[in-house]
Amino acid sequence: MIRSLAWLAAIAAAAGCTNNATPADTTLQATQVRFGGPATLPAQLRVAELNTEMKPGETIARALRDEPDLAAADLVILEEVHREPGPCSGACVVGTQLGFYTAYAPGHVNGSGTDGVAVLSRSPIVSARVIELPRYELHYNSQRKAAIAATVTIDGTPVTIYAVHLDNRITVAERRRQLAPILADADRQTTPVLIAGDFNTSPFTWLTHVIPIPTGTQDDRLEELVRAHGFSTPTKDVGATSHWLAMKLDAIYTRGLAVHHVATSDAADISDHLAVWADVTLNSVKL
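Residues numbered from 1 in each chain as written. Predicted model: local features only at pLDDT ≥ 70, side-chain atom pairs only at ≥ 80, totals over all residues. Heavy atoms only, no water.

Engineer: Got a sec to walk through the sheet that holds strand 13 (residues 257–265)? Specific residues and values, please.
Structural biologist: Strand order in this open sheet of seven strands is 1-4-5-3-2-14-13, and the pairing throughout is mixed. The open sheet terminates on both sides in strands that have one partner only, identified here as strand 1 (29–31) and strand 13. Taken over all neighbouring pairs, the strand axes of this sheet differ in orientation by 20° on average, direction set aside. Pairing between strand 4 (residues 101–110) and strand 5 (residues 113–121): nine bridges, direction antiparallel. Along strand 5, the bridge assignment pairs Ala105 with Val117. Helix 4 (residues 90–98) rests against strand 1, strand 3 (75–83), strand 4 and strand 5 of the sheet, and its axis sits at about 35° to strand 5. (Pairing = 2+ DSSP bridges. Helix = DSSP H or I, 4+ residues; strand = E, 2+ residues; numbered from the N terminus. Axes fitted to C-alpha atoms, helices over the stretch in contact; angles between N-to-C directions. Contact = heavy atoms within 4.5 Å.)

Engineer: Any details on the packing of helix 2 (residues 57–66) against helix 4? Residues and values, ideally.
Structural biologist: At a minimum axis separation of 8 Å, helix 2 and helix 4 run at an interaxial angle of 50°. The angle between helix 2 and helix 4 falls in the class oblique. Read as a crossing pair, helix 2 and helix 4 show a hand that is right-handed. Each of Gly57, Glu58, Ile60, Ala61, Leu64 and Arg65 in helix 2 lies in contact with helix 4, whose residues at this interface are Gly90, Val93, Val94, Gln97 and Leu98. Taken together, the residues that form the contact of helix 2 with helix 4 break down as six nonpolar, three polar and two charged. (Parallel < 35°, antiparallel > 145°, perpendicular 65-115°, else oblique. Left-handed = near helix turned anticlockwise from the far one by under 90°. Nonpolar A, V, L, I, M, F, W, Y, C, P; charged D, E, K, R; others polar.)

Engineer: Break down the state of the cysteines for me, citing the residues and quoting the values.
Structural biologist: Under the counting rule described, the total for this entry stands at one disulfide. Each sulfur in the disulfide pair Cys88 and Cys92 lies 1.8 Å from the other. Judged by the torsion about the S-S bond (-90°), the Cys88/Cys92 disulfide is left-handed. Relative accessible area serves as the criterion here: at 29%, Cys88 is assigned to the partly exposed category. Looking at Cys92, the relative accessible area reads 6%, which means it is buried. (Disulfide = S-S within 2.5 Å. Buried < 20%, exposed > 50% of the residue type's maximum accessible area, 1.4 Å probe, protein only.)

Engineer: Please set out the pattern of salt bridges residue by residue, giving values where relevant.
Structural biologist: Taken as a whole, this structure holds 12 salt bridges when the rule is applied. Here Glu224 and Arg176 are joined by a salt bridge, their closest N and O atoms 3.4 Å apart. Here Glu224 is found in helix 6 (residues 219–228), whereas its partner Arg176 is found in helix 5 (residues 172–187), with 48 residues between them in sequence. The partner of Lys248 in a salt bridge is Asp219, with the nearest N and O atoms 3.1 Å apart. Taken together, the residues Lys248 in the loop between helix 6 and strand 12 (250–255) and Asp219 in helix 6 connect sequence positions 29 residues apart. On the basis of relative accessibility, which here comes to 11%, the residue Asp219 falls in the buried class. Among the charged side chains, a network of salt bridges with common partners joins Arg129, Asp185 and Arg188. (Salt bridge = Lys/Arg side-chain N within 4 Å of Asp/Glu carboxyl O.)

Engineer: Quick rundown of the packing of aromatic side chains? Include the residues and the values.
Structural biologist: Tallying each qualifying case throughout the model produces two aromatic pairs. Residues Phe199 and Tyr253 carry aromatic rings whose centres are separated by 5.0 Å and whose planes lie at 40° to one another, so their mutual orientation is tilted. Of the two residues, Phe199 sits in the loop between strand 9 (193–198) and strand 10 (204–207) while Tyr253 sits in strand 12, which places them 54 residues apart along the sequence. Summarising the burial analysis for this pair, Phe199 and Tyr253 share the class buried. Just above the ring of Trp277 sits the side chain of Arg46; from NZ or CZ to the centre is 3.8 Å. Directly above the aromatic system of Tyr140 lies the positively charged group of Arg169, at a separation of 4.0 Å from the ring centroid. (Phe/Tyr/Trp six-rings, centres within 6.5 Å; stacked < 30°, edge-to-face > 60°. Lys NZ or Arg CZ within 6 Å of the ring centre and 35° of its normal.)

Engineer: So what's going on with the sheet that holds strand 8 (residues 157–165)? Which residues, and what values?
Structural biologist: As summarised here, the arrangement of the five strands in space is 6-7-8-9-12, forming an open sheet in which the pairing is mixed. At either margin of the open sheet sits one strand with a lone partner, and together these are strand 6 (127–132) and strand 12. Recorded for the sheet is a direction-independent mean angle of 20° between the axes of neighbouring strands. Pairing of strand 8 with strand 9, which is carried by six bridges, proceeds in the parallel orientation. Note that in strand 9 the partner of His165 across the bridge is Asp198.

No statement about biological role is implied by the geometric values presented.
Take a look at the structure:
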């Protein structure tokens, strides 16, 4: 056991030895579909969520286009989206190639560019804003965490979408606190709400943010929290969303939306994460 924990700590250390700076420009980048698109998302739609592991936009677009389960997605939430200096993030490239409206929020500096989260929608993104999340000093590879709160319409009804990426090496209590600003914001919404992202709910807690301690799971504690705020947890039994140690790191949470099917896709193996997708309708819609 001690040898295994030391091995995991070494893997964590290999992830990076520096603290990632806050970008000089933290403004949200929004792009439009060049030749328009539907005015609203359909009454029954597919939502997909994927940590892209900083892959180029062309690679992400190919995975979303070539995987049948993902090609049907109307709304896509992405994490670890990279943007080199210039006009277009990886999400923007996907939007240009596949016909999505996009919103990208840089989180932290990575090399000469930034990494962040993104929302992609087949119909216009009515509004989008950045929510700052609590930052933890992780001793190495610390990074600013910023989420997106976006409004889209489903069958003409406004719906609030949150794109979220939480830290890895934090405790259950810290993870719940890092998500708290999202839940507080969601509590103020009168719309249906969908929260999706990489919540990094590994089966470990972290002593001093460095040493992994097996705890069974973290996802059950986070799901307990979101249910207390009125959310359903439709992906709780979706299984592993990571190629590493069969961890369940990614999730979709809903309020005011009915989820009819959830599954994972390997997303052409472009990432160390699997994609999670769900077929969704408004609660008021009868199929």
